Amino acid sequence: MKKIELEIVALSHSITQTHSYAVVLGETNGLRRLPIVIGGFEAQAIAVALEHMQPSRPLTHDLMKNFMNAFNVELQEIIISDLQEGIFYSKLVCFTEHDTVEIDSRTSDALALAVRFGCPIYTYEHILENAGILMEDGGTGKKQKAEAVGAEDNTAGREDLSSMSLEELQNLLNDVLEHEDYIRAIAIRDEMNRRSQM
């Protein structure tokens, strides 16, 4: 089967399930999108890697990457290989000096590792046909930047952050980083960056 390359184009709160997030994958050279609902922990793990944040202690996916690196195992690619009853199934294609091995994985974990290793993400045509969404090309032809939080999240978070001083924002950022709330830290950092560009 021919593989289709995907990239992460958005990460936001799920509008269909509370306490869940959606990671949206986009066809690299096309207009189709593949939304996948994931848990909060996995969303945070993906967001931390997308934003190049350095947690004070390694998260589970960082630990897995460190372990694989220590034993010279390279994550070559991930493949979203199946869709059954609304559940996506994925494989990690790992390469060592002597062998190539495919390992079964939850899709959210596979994506968190793919971001850390910088490896390609693939799926098959039948999965995009069954679960993909065709997006209109807005005429820009530009690749959409991956977002760590949804638009509705940014708006809600910005109102409460916009009334704070830069010093208060910095203190809040230090506090949320200490409590490992990386999704909130991204929103605070974005508010600080927005102000510095004014």
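Residues numbered from 1 in each chain as written. Predicted model: local features only at pLDDT ≥ 70, side-chain atom pairs only at ≥ 80, totals over all residues. Heavy atoms only, no water.

You'll find the protein chain entered in an unreviewed UniProt entry as BFN domain-containing protein, with Sediminibacterium goheungense given as the organism.

*Asks:* Can you lay out the pattern of salt bridges for me, pointing to particular residues and giving the numbers?
*Replies:* Tallied over the full model, the rule gives eight salt bridges. Between E77 and K3 there is a salt bridge, with its nearest N and O atoms 2.7 Å apart. With E77 in strand β4 (residues 74–84) and K3 in strand β1 (residues 3–13), the pair connects residues that are 74 residues apart, well separated along the chain. Taking relative accessible area as the criterion, E77 reaches 12% and is therefore assigned buried. The exposure class assigned to K3 is partly exposed, which follows from its relative accessible area of 33%. For R116, the salt bridge is made with D62, and the minimal N-O distance between the two is 2.6 Å. Within this pair, whereas R116 is found in helix α3 (residues 107–117), its partner D62 is found in helix α2 (residues 60–70), the two being separated by 54 residues in sequence. (Salt bridge = Lys/Arg side-chain N within 4 Å of Asp/Glu carboxyl O. Helix = DSSP H or I, 4+ residues; strand = E, 2+ residues; numbered from the N terminus. Buried < 20%, exposed > 50% of the residue type's maximum accessible area, 1.4 Å probe, protein only.)

*Asks:* How would you explain the packing of α2 against α3 if you had to name every residue and give the values?
*Replies:* Where α2 contacts α3, the axes come no closer than 10 Å and their chain directions differ by 60°. Here α2 is positioned oblique relative to α3, judged by the angle of their axes. In the packing of α2 onto α3, the handedness of the crossing is right-handed. In contact with H61, D62, M64, K65, M68 and N69 of α2, α3 contributes D109, A112, L113, R116 and F117. In terms of residue class, the contact of α2 with α3 is made up of five nonpolar, two polar and four charged. (Axes fitted to C-alpha atoms, helices over the stretch in contact; angles between N-to-C directions. Parallel < 35°, antiparallel > 145°, perpendicular 65-115°, else oblique. Left-handed = near helix turned anticlockwise from the far one by under 90°. Contact = heavy atoms within 4.5 Å. Nonpolar A, V, L, I, M, F, W, Y, C, P; charged D, E, K, R; others polar.)

*Asks:* Got a sec to walk through the nonpolar core? Specific residues and values, please.
*Replies:* Within the largest apolar cluster, 45 residues are counted, with the highest numbers of intra-cluster contacts made by L25, L34, L75, I78, I80 and I121. A domain split of this core shows at least three residues from each of domain 1 (3–134) and domain 2 (156–197). Once you skip the residues sitting within four places of it in the chain, L75 turns out to touch M68, L92, V93, C94, L113, A114, F117 and C119. (Core = buried A, V, L, I, M, F, W, Y, C linked by side-chain atoms within 4.5 Å. Domains from an automatic or database assignment.)

*Asks:* Give a detailed account of the packing of aromatic side chains, specifying residues and quantitative values.
*Replies:* This model, assessed by the stated rule, comprises one aromatic pair. K65 extends its terminal NZ or CZ atom over the ring of F117, reaching a point 5.6 Å from the ring centre. (Phe/Tyr/Trp six-rings, centres within 6.5 Å; stacked < 30°, edge-to-face > 60°. Lys NZ or Arg CZ within 6 Å of the ring centre and 35° of its normal.)

*Asks:* I'd like a description of the packing of helix α1 (residues 40–50) against α3, backed by residues and values.
*Replies:* Taken N-terminus to C-terminus, the directions of α1 and α3 make an angle of 10°; their axes are 9 Å apart at the nearest point. The angle between the axes of α1 and α3 places the two elements in the roughly parallel class. Taking contact as the criterion, the partners of E42, A45, I46, V48, A49 and L50 in α1 are, on α3, S108, D109, L111, A112, V115 and R116.

*Asks:* Can you tell me about the environment of I36, naming the residues and giving the values?
*Replies:* Residue placement: I36 occurs in strand β3 (residues 32–39). As a C-alpha pair, I36 and V24 span twelve residues in sequence and 6.3 Å in three-dimensional space. Non-local contacts of I36, meaning those with residues more than four positions away in its chain, are made with Y21, A22, V23, L25, I80, F88 and T107.

*Asks:* Quick one: what's the story with the sheet that holds β3, residue by residue and with numbers?
*Replies:* Strand order in this open sheet of eight strands is β6-β5-β4-β7-β1-β2-β3-β8, and the pairing throughout is mixed. Strand pairing shows two members of the sheet lacking a second neighbour, β6 (100–106) and β8 (133–134), which therefore form its edges. Here β4 runs beside strand β7 (residues 121–124); their pairing, made up of three bridges, is parallel. In the strand pairing of β7, I80 is matched with T123. (Pairing = 2+ DSSP bridges.)

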